[in-house]
Amino acid sequence: MKTIKQSWAEPYKIKMVELLKMTTPKQRQIALEEAGYNTFLLKSEDVYIDLLTDSGTSAMSDRQWAGMMLGDEAYAGSSNFYHLEQVVQEVYGYKYLIPTHQGRGAENILSKILIKEGDIIPGNMYFTTTRLHQELAGGTFKDIIIDEAHDPENEFPFKGNIDMDKLDALIQEYGAERIPYVSMATSVNMAGGQPISMQNLKELRALTTKHGIRVIHDMTRVAENAYFIQQKEKGYEDKTIREIVKEINSYTDGATMSAKKDALVNIGGFLAVNDWDVFEEARNMVVVYEGLHTYGGLAGRDMEAMAIGIGESVNDDHIRARVGQVIYLGEKMMEYGIPIVKPIGGHGIFVDAKKFLPHISQDQFPAQTLAAEIYLDSGVRTMERGIVSAGRKANGENYYPKLELVRLTIPRRVYTQAHMDVIAESVARVYLRRKDIKGMKMVYEPKYLRFFQALFEKL
Ligand SMILES: *Cc1c(COP(=O)(O)O)cnc(C)c1O
């Protein structure tokens, strides 16, 4: 007998809608020129389907909105802070919580506390804000992700893994005293949302414990990572996302979190640590940069929405549909022959711009060009993750990343399957006319995180 496949579907129904503006090709051409061919500089009202980022763009649930009404807007000791603290302890397993306005607020405080001039911070691929805060604090980031992560064609299921030999070599070369912590990310963003395995985390814990080195977890997308462990790692098929998330965190000493991703809120983040001394210093420092330690730059209502969102984010049905939608889009794009990073990651599809536009050299920004062309075709907004995002080294030279990608990031609970079809068709149309596409030159370059504000012209 033939078996009929069991599709995933959204574990929610729609209660309110936001209307979208449709634009003409001519309107999009004008908008793009005004934005200097940088999709970050487009006005959101000129965008049809917005895949710029999954950061702060998720749809909150009715329960989260109800939580907003329970905001206890006190300067100090808001009840929403205590609720959030309890949820972070229960769901994530970290002891002490410092709320921050978003992830980079936590990165700033943590980097300032733990890093001294000349330190080395190994990590499984860099993230833009994370590395910059490490550098501004006087440290040097060293990439210790496995080589497979730099190869978009390699289908290894845990391309977020750390290469223990690379880490061990750094410890031998610099000594453990100069390594304040290993910066470990789950669902490695810059590699295409690739997960790290539990086995790898256990090995990392063993090696770092031996040398007295901390592990700090960038847990922005930990639930999505947990889903891949559940689906692909032996021994975890019967565990819940909640259980897996907690086990991941148990191998680390603290975390920075951008709650704008996994945790289903539009703003917020936190630093969470197990070490009292680090907490004590962070609690003091947060007052300088964010706000008092019981609000950290957030309103009470924001903390309440976050507390509820964290609970929803580790629900198995939620995460299956969330990642299921991403995989649906990826498979559709592969049917059109579009070169994407494999395996498909948790939060978006990463198009291999080097393969898509092989006639454009990296100095002429193939990924930036492709993002502009996709917008022009349909009003779908994507972003560059390649040489522009990688920026320059301290000595002024460009980083030349191996991966030159366009990221189509899917906001959580926002778009439908029909939207996914429209997106795949648009990229496919651009793919058909790829040979006629020319590269660009950068005509304005800001000093920090240039991808946000750089301007380009067509060659
Ligand atoms: C978004 C993000 C950050 C930074 O968080 P913000 O909330 O944008 O400041 C850090 N790490 C990763 C992996 C992220 O995706």
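Structure: see above.
Residues numbered from 1 in each chain as written. Predicted model: local features only at pLDDT ≥ 70, side-chain atom pairs only at ≥ 80, totals over all residues. Heavy atoms only, no water.

K.L.:
Would you mind showing me how to read the pairing of strand β2 (residues 96-100) here?
P.N.:
In the case of a regular strand, side chains alternate between the two sheet surfaces. Counting buried positions along β2 gives four out of five residues, so the element sits mostly inside the fold. The pairing of β2 with strand β8 (residues 269-273) spans five bridges and is classified as antiparallel. From the neighbouring strand, I98 faces β8, where its bridge partner is L271. (Buried < 20%, exposed > 50% of the residue type's maximum accessible area, 1.4 Å probe, protein only. Helix = DSSP H or I, 4+ residues; strand = E, 2+ residues; numbered from the N terminus. Pairing = 2+ DSSP bridges.)

K.L.:
Please explain the site of the ligand as it appears in this structure.
P.N.:
If you check the shell around the ligand, you find 14 residues, and the closest are G103, R104, D218, S258 and K261. Those elements that place two or more of their residues in the shell around the ligand are α4 (103-114) and α5 (128-136). Each residue belonging to the shell around the ligand can be placed in one class, and the counts come to one nonpolar, seven polar and six charged. (Near = heavy atom within 4 Å. Nonpolar A, V, L, I, M, F, W, Y, C, P; charged D, E, K, R; others polar.)

K.L.:
Would you explain the environment of Y295 in this entry?
P.N.:
By the element assignment, Y295 lies in the loop between α10 (276-289) and α11 (300-313). Taking the C-alpha atoms as reference points, Y295 and L459, separated by 164 residues in sequence, lie 48 Å from one another. Not counting the four nearest positions on each side in its chain, Y295 is found in contact with Y75, P99, E290 and M303. (Contact = heavy atoms within 4.5 Å.)

K.L.:
Explain helix α1 (residues 25-34) here, please?
P.N.:
Since the α-helix advances by 3.6 residues per turn, residues separated by three or four positions end up pointing in the same direction. Every buried residue of α1 is accounted for by R28, A31 and L32. Projected onto a plane normal to the axis of α1, the buried residues spread over an arc of 100° and lie on a single side. Facing away from the buried side of α1, by more than 90 degrees, are the exposed residues K26 and E34. Buried residues along α1 sit against α14 (366-378). In the stretch just after α1, G36 is the one whose phi turns positive, near 60°. (Arc of directions from axis to C-beta.)

K.L.:
Help me understand the pattern of salt bridges in this model?
P.N.:
Oppositely charged side chains can pair when the atoms bearing their charge come close. With the rule as written, the count across this model stands at 25 salt bridges. Residue R322 is joined to D54 by a salt bridge in which the shortest nitrogen-to-oxygen separation is 3.6 Å. In this pair, R322 is assigned in helix α12 (residues 316-335) and D54 in the loop between β1 (49-50) and α2 (62-68), connecting sequence segments 268 residues apart. D54 shares its class with R322; the two are buried. In this structure, the salt-bridge partner of E312 is R413, at a minimum N-O distance of 3.0 Å. Highlighted residues: E312 in helix α11 and R413 in the loop between β12 (405-409) and α16 (417-432), separated in sequence by 101 residues. One exposure class covers both E312 and R413, and it is buried. (Salt bridge = Lys/Arg side-chain N within 4 Å of Asp/Glu carboxyl O.)

K.L.:
How should the packing of aromatic side chains be read in this particular structure?
P.N.:
Centre distance and the angle of the planes are the two values used to describe a pair of aromatic rings. Taken as a whole, this structure holds 12 aromatic pairs when the rule is applied. Measuring from centroid to centroid gives 4.8 Å for Y96 and F279, while their planes differ by 20°, and the two rings are stacked. You can see Y96 sitting in strand β2 and its partner F279 sitting in helix α10, a full 183 residues away along the chain. The partly exposed category is assigned to Y96, whose relative accessible area is 22%. An aromatic cluster is defined as three or more aromatic residues linked by ring pairs; in this entry it consists of F40, F451 and F452. A cation over a ring is seen here: R385 above F451, with NZ or CZ 4.8 Å from the ring centre. The ring of Y431 carries the charged tip of R434 above its face, separated from the ring centre by 3.9 Å. (Phe/Tyr/Trp six-rings, centres within 6.5 Å; stacked < 30°, edge-to-face > 60°. Lys NZ or Arg CZ within 6 Å of the ring centre and 35° of its normal.)

K.L.:
What should I look at first to understand α10 in this one?
P.N.:
For α10, with 14 residues, the first-to-last C-alpha span of 20 Å sits near the 20 Å given by 1.5 Å per residue. Every buried residue belonging to α10 is among V278, F279, A282, M285 and V286, and all of these are buried. Buried residues along α10 sit against β2, α4, β6 (214-218) and β8. At the N-terminal boundary of α10, the capping side chain belongs to D275, with an oxygen 3.1 Å from the backbone nitrogen of D277. (Expected span 1.5 Å × (residues − 1). Polar contact = N/O pair within 3.5 Å; in protein donor to acceptor, adjacent residues only side chain to side chain.)

K.L.:
Before we go on, may I ask you to explain the packing of α1 against α14 in this structure?
P.N.:
For any two helices packed against each other, one specifies the inter-axial angle together with the distance between the axes. Two elements in contact, α1 and α14, have axes whose closest approach is 7 Å; the angle formed by their N-to-C orientations is 150°. The angle between α1 and α14 places the two elements in the roughly antiparallel class. Residues P25, R28, Q29, A31 and L32 of α1 lie in contact with α14, whose contacting residues are A372, Y375, L376, D377 and S378. Of the residues contributing to the contact of α1 with α14, the split by class is six nonpolar, two polar and two charged. (Axes fitted to C-alpha atoms, helices over the stretch in contact; angles between N-to-C directions. Parallel < 35°, antiparallel > 145°, perpendicular 65-115°, else oblique.)

K.L.:
Please clarify how the nonpolar core should be interpreted in this entry.
P.N.:
Ranked by internal contacts, the top residues of the largest apolar core, which has 60 residues, are Y92, F270, M306 and I310. By size, the runner-up hydrophobic cluster in this structure holds 32 residues, among which are Y48, I344, A367 and V380. (Core = buried A, V, L, I, M, F, W, Y, C linked by side-chain atoms within 4.5 Å.)

K.L.:
Help me understand the sheet that holds strand β9 (residues 348-352), please; the structure alone is not making it clear to me.
P.N.:
Within a sheet, each strand pairs with its neighbour through backbone hydrogen bonds, oriented either parallel or antiparallel. Strands sit in the order β9-β12-β11 across an open sheet of three strands; the sheet is antiparallel. Each of the sheet's edge strands pairs with one partner strand only, and the pair in question is β9 and β11 (383-385). Adjacent strand axes in the sheet meet at a mean angle of 35°, parallel and antiparallel pairs treated alike. Looking at chain direction, β11 and β12 are connected through three bridges and run antiparallel. Considered in β12, the bridge of E384 is made with V406. Sheet strands touched by α14: β9, β11 and β12. Its angle to β12, the strand with the most contacts, is close to 40°.

Interpretation note: all reported values are geometric properties and have no functional meaning in isolation.
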